[in-house]
Amino acid sequence: MNLSHEEEENSLSLSKFESMLKTNKVFFFDSEEFEDIILHYMDTGRMNLAKRALKLGLEQHPKSTGLKLVQVEMLVYEDKLEIAEKLLNELYAIEPTNEEIYIQKANIYSKRDEHEKAISFLKIALKYTDDYADVYSMIGMEYLFMDNLEMAKENFIKCLDEDTEDYSALYNVVYCFDFLDQNEEAIVYLNRFIDKNPYSEVAWHQLGRQYYALKNYEKAVWAFDYATLIDETFLGAYMEKAKSYEKLKKYQEAIDCYNVTLELDDPSSFVLLRVAKCYERLGNTEFALNYYLKTVHEDPLLDKGWIAITDFYIRQKNFQKALYYVNKAIGIDGDNSLYWKRFAAVNSALHFFEEAEYGYRKAFESGDINLDTFTLWTDVLQYLGEFDTAIEILLEASSVLPDEYEIEYRLAGLYFLMDDVTKGNLHLINGMKLEPKHLTLFQELFPVVWERTEVQNTISKFKK
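Quick caveat, the model's predicted, so the values are computed rather than measured.

## Some words on the environment of Glu-116
Relative to the assigned elements, Glu-116 resides in helix H7 (residues 115-128). Under the relative-accessibility criterion, Glu-116 is labelled exposed at 54%. A C-alpha to C-alpha distance of 7.9 Å links Glu-116 and Glu-142, two positions 26 residues apart in sequence.

This is the structure in structure tokens:
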């Protein structure tokens, strides 16, 4: 990689400085060299070396405003705000038109969560700076801290008007559009930006994301295509393009894009899982299973991988293997109600009803209060002859999910099985009031009860 002239000079200065520290010799550096050295160490988190460089710099250039401003930056970084402010006031008396003084004052007020004051100082800095883009970006960040997304967006756009290469500002603009649910407006802005900067792969990528959010997947693919044409190694764009192809049910094209990401980077369990799902949707079960297994090999602790294999075998009606893999998923995340529900469904398919009942109970204990959890659970309890427990669960369910005909019909049938005709009739009538056309559910679940004279009488009276 070729370094720019400035980067080469910085590299030489750093080497010279570190050589000086090793030999205990004192070399001369101009003040700007010291500033670059200090800022480099601060950026890389080596504060001890930054402080040594600052000390030596001030010894060689005691009147350097630039070094004192770097000192202020270091003090602000260390939360020594009062000392930093005092030094800034001294510098202001010497150089009242130095924009860096106002920027550092803004940083101090920002640290104190006084963002309005920070913005007022940054606006003064705008009068003296040559780097408008940087200051507009800082103002945008202050507005972000204040949750004023509209003003933040406006200032990030001003930053990009000054510097189209500021991708941090571009991401922030799009973040503001996203947060404000302004996808259409974001598309208009990004198209305008691309008209001026047609080779900005980041802009094309962000445009694709906006189309994806609006479910315009054809347009999303079109935008991601440009991003990958400009930068053939743009991993994120290939990933998003693959997801868009999936939405369009173009599974082979999605696989092709995912494969590019596997070539560009180390295998990712997420990508392997997506490839597996695409192959399954294409009907290629052999390749699908191969990639499902690669997924869990790549990340054995990825519970979603194990559950994906479980679902694969459920769809194949191979419940014995499904049971093996759902147990793997539960072993990783035993508090996931969906996994316990799968466990219950698989055991139910295998006619292991006691295990199925345990699975539904665990799903409920893990926070699942969906209607189908209660109904499937009590259906298993009914099969096991545990009518009292089934009634207890359904009554609890009806307090959480009132006016559900599926609960009422089940309660009616169970009460009739318990020879409690009064309560049976009550819940049967409740069910018919809620959904008379689904009375067939009652007949399917309780065929013996359905034939009873008292039941048919109740139904006849209700229909009249």
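Back to the write-up after that little detour.
## What about the UniProt feature "repeat: TPR" (unreviewed entry) in the chain?
Following the UniProt record, the feature "repeat: TPR" (unreviewed entry) maps to residues 133-166, 201-234 and 235-268 here. End C-alpha atoms of residues 201-234 are separated by 8 Å, and the span's content is 79% helix alongside 0% strand.

## Examining the pattern of salt bridges
Across all of its chains, the model carries 17 salt bridges by this definition. In this structure, Glu-154 engages Lys-158 in a salt bridge whose closest nitrogen and oxygen atoms are separated by 3.7 Å. Note that Glu-154 and Lys-158 are positioned in helix H9 (residues 149-162) at a spacing of four residues, about one turn of the helix. Lys-158 gets classed as partly exposed once you look at its relative accessible area, which sits at 31%. Asp-372 is the partner of Lys-341 in a salt bridge, and the nearest nitrogen-oxygen pair spans 2.9 Å. Highlighted residues: Lys-341 in helix H20 (residues 337-349) and Asp-372 in helix H22 (residues 371-383), separated in sequence by 31 residues. On the basis of relative accessibility, which here comes to 13%, the residue Lys-341 falls in the buried class. The class of Asp-372 is partly exposed, set by a relative accessible area of 36%. Taken together, the salt bridges that share partners define one network made up of Glu-246, Arg-274 and Arg-281.

Criteria and cut-off values
Residues numbered from 1 in each chain as written. Predicted model: local features only at pLDDT ≥ 70, side-chain atom pairs only at ≥ 80, totals over all residues. Heavy atoms only, no water. Helix = DSSP H or I, 4+ residues; strand = E, 2+ residues; numbered from the N terminus. Buried < 20%, exposed > 50% of the residue type's maximum accessible area, 1.4 Å probe, protein only. UniProt positions renumbered as here; feature names shortened; annotations may be inferred. Salt bridge = Lys/Arg side-chain N within 4 Å of Asp/Glu carboxyl O.

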